[in-house]
Amino acid sequence: MFKIELQRYGAQMWRAECKAERAALRGVYALLNGKTECLLPNSQALREVLPYQYRKAFDRAALWWTQEYSDVIRMDLRDYRGCPMGSLFAKWED
């Protein structure tokens, strides 16, 4: 289960939980830590629970990333002009 948080300019705007799915590709982080599988939030389930005004931005982004081997992954959301709408942060919770 992932805990998902939507932040805009550092302020928390929305929170939810989302089921996990196995990632098609594994990154360096998973290989360095000896993980046999890499999990990401389930895209379809997450899209359904997102506030409606963020769903198209979520479809455009479709890429989770992490910095410096963090256990929190991030997705930046942008509107159709490329202006920032906020960021989704996901953390795996057992």
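Residues numbered from 1 in each chain as written. Predicted model: local features only at pLDDT ≥ 70, side-chain atom pairs only at ≥ 80, totals over all residues. Heavy atoms only, no water.

S.K.: Before we move on, can you summarise the pairing of strand S6 (residues 84–92) with the specific residues and values?
M.R.: Pairing of strand S1 (residues 2–8) with S6, which is carried by six bridges, proceeds in the antiparallel orientation. Bridge pairing links Glu 5 to Phe 89 in S6. Sheet topology places strand S5 (residues 72–78) next to S6; seven bridges connect them, and they run antiparallel. Bridge pairing in S6 links Ile 73 to Ala 90. Counting the residues between successive antiparallel strands, the hairpin from S5 to S6 contains five residues, one of them, Gly 82, with a positive phi of roughly 95 degrees. (Pairing = 2+ DSSP bridges. Helix = DSSP H or I, 4+ residues; strand = E, 2+ residues; numbered from the N terminus.)

S.K.: Which residues make up the sheet that holds S1, and what values go with them?
M.R.: A sheet is described by the order of its strands in space; here four strands give the open sequence S2-S1-S6-S5, paired in antiparallel fashion. Of all the strands in the sheet, just strand S2 (11–18) and S5 have a single pairing partner and so form its edges. On average, adjacent strands in this sheet sit at an angle of 20 degrees to one another, irrespective of strand direction. Bridge count between S1 and S2: seven bridges; the pairing is antiparallel. Pairing of Gln 7 across the sheet is with Gln 12, part of S2. (Axes fitted to C-alpha atoms, helices over the stretch in contact; angles between N-to-C directions.)

S.K.: Explain unusual backbone geometry to me, using residue names and the numbers behind them.
M.R.: Positioned with a positive phi, Tyr 9 is a non-glycine residue whose angle comes to about 55 degrees. With respect to the secondary-structure elements, Tyr 9 resides in the loop between S1 and S2. When its relative accessible area of 70% is taken as the criterion, Tyr 9 is described as exposed. (Buried < 20%, exposed > 50% of the residue type's maximum accessible area, 1.4 Å probe, protein only.)

S.K.: I'd like to hear about the layout of surface pockets, residue by residue, with values.
M.R.: In this structure, the second largest pocket occupies an estimated 160 Å³ of space. Elements with a minimum of two residues in the lining of the second largest pocket: S1, S2 and S6. Of the residues belonging to the lining of the second largest pocket, the class tally is five nonpolar, no polar and six charged. (1 Å grid on protein atoms, 1.4 Å probe; cavity = no way out; pocket = protein on both sides within 12 Å on 5 of 7 lines; lining within 4 Å. Points joined across faces, edges and corners; volume = space filled by probe spheres on them. Nonpolar A, V, L, I, M, F, W, Y, C, P; charged D, E, K, R; others polar.)

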